[in-house]
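What follows is the residue order along each chain.
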Amino acid sequence: MNKNVDQRDFIVIGASGYIGSAISNELKNLGLVVDTPSSKLLNLSYKASIEDYFRNKFYKILVYCAINRRGTINSNLLNLTNLIDCGSFSRFVLISSRSVYDGFGSFENIQPVPVTNLPKPNESYSLLKYNEEINLVKSKCKHNIIRLFDVFDDRVLENKDYLTKWVSRYFKNGKCTDAISPIHIKDATALIVENIINPDNMKEITNLCGPNINIGKLALKLSIKTSKEDSIVSKMGVCSFADFKFISLADQITIRCLV
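Because the structure is a prediction, the values reported are computed rather than measured.

Draft legend 1. Here's a closer look at the overall build of the protein. Of the regular secondary structure elements, the protein holds 10 helices and 10 strands. When contacts within the protein are restricted to residue pairs at least 6 apart in sequence, those whose partners lie at least 24 apart make up 75%. Roughly 13,300 Å² of accessible area belongs to the protein as shown, and the carbon and sulfur atoms make up 48% of that amount.

Draft legend 2. Spatial organisation of the nonpolar core. Ranked by internal contacts, the top residues of the largest apolar core, which has 25 residues, are V12, I23, L27, V63, I95, I196 and L208. Of all the secondary structure elements, the ones that give two or more residues to this core are β1 (6-13), α1 (18-29), β3 (57-64), β4 (89-97), β5 (143-148) and α7 (185-196). Tallying contributions element by element places α7 first for this core, with six residues. Residues F54, Y59, F92 and L94 belong to the second largest nonpolar core, which totals 22 residues.

Draft legend 3. Broad picture of the sheet that holds strand β10 (residues 205-208). A sheet is described by the order of its strands in space; here six strands give the open sequence β2-β1-β3-β4-β5-β10, paired in parallel fashion. Edge positions in the sheet fall to β2 (34-35) and β10, since each has one partner strand and no second. With six bridges connecting them, β4 and β5 associate as parallel partners. Bridge assignment links F92 to a residue of β5, and that residue is H143. Set on the sheet, helix α3 (residues 73-86) makes contact with β1, β3 and β4; between it and β4 the angle comes to about 160°. Relative to the sheet, α7 contacts β1, β3, β4, β5 and β10, its axis offset from that of β10 by approximately 160°.

Conventions used here
Residues numbered from 1 in each chain as written. Predicted model: local features only at pLDDT ≥ 70, side-chain atom pairs only at ≥ 80, totals over all residues. Heavy atoms only, no water. Helix = DSSP H or I, 4+ residues; strand = E, 2+ residues; numbered from the N terminus. Contact = heavy atoms within 4.5 Å. Areas by Shrake-Rupley, 256 points an atom, 1.4 Å probe, with all protein chains shown as cover. Core = buried A, V, L, I, M, F, W, Y, C linked by side-chain atoms within 4.5 Å. Buried < 20%, exposed > 50% of the residue type's maximum accessible area, 1.4 Å probe, protein only. Pairing = 2+ DSSP bridges. Axes fitted to C-alpha atoms, helices over the stretch in contact; angles between N-to-C directions.

So, in structure tokens, the structure goes:
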């Protein structure tokens with residue numbers, strides 16, 4: 001590598017968003033240096049802007065959390081493809097979503113299978129995340145994909161109405177419709193960061209969700225109408241993040257909030 005190239009550790013693309021800001025803040029809290037360029041400084045729509053930003057820079061880890069909610073699926077995919085083609089990095093970490101599994105119709109016992117083995121989803125956001133993974137895999141660059149499941153934060157503790165609305169999403173006609181437990185934002189970012197600072201230990205594809213939380217019992221406490229079965233028996237799946245068992249802080253936050 002050219003000795004004049006500035007070698008850096010981390011860059012988070014989309015750091016102004018909910019997940020991206022949490023990841024970049026966690027890295028900084030650990031005393032690590034992380035670059036978080038704005039969309040004005042790094043305009044992914046234009047290859048020239050990307051080439052200009054990365055000129056004489058090289059990153060060990062690029063974390064991609066960006067999404068233009070005003071843009072189309074194609075424009076968002078172009079942004080990702082431009083970055084892969086013109087960015088300078090050793091490893092690309094894509095923060096994807098459980099929505100890539102929407103084609104299955106159920107999240108129970110979902111395994112982190114390659115995107116090429118997944119049925120194509122229909123909903124626009126799901127289709128975007130699905131195609132992001134497809135494009136990344138086709139690029140042949142060194143990469144890891146983290147499929148993030150439902151994330152919550154302290155608002156669920158501070159506002160019962162918010163919590164009730166949030167939990168209600170898991171039920172349809174009194175039946176629990178989801179089989180994956182949510183995870184607190186602090187747990188999610190702690191586990192993501194612990195892996196990206198040790199990238200050689202990461203699996204190529206990872207499902208990131210919370211520990212086994214009984215949403216049925218939580219809903220019952222909030223007087224949300226559920227079936228008898230859901231009120232007694234947990235329908236939520238056990239977490240799967242590499243070989244993590246959700247010990248210490250990353251276990252305590254989610255359980256303290258929801259159980």
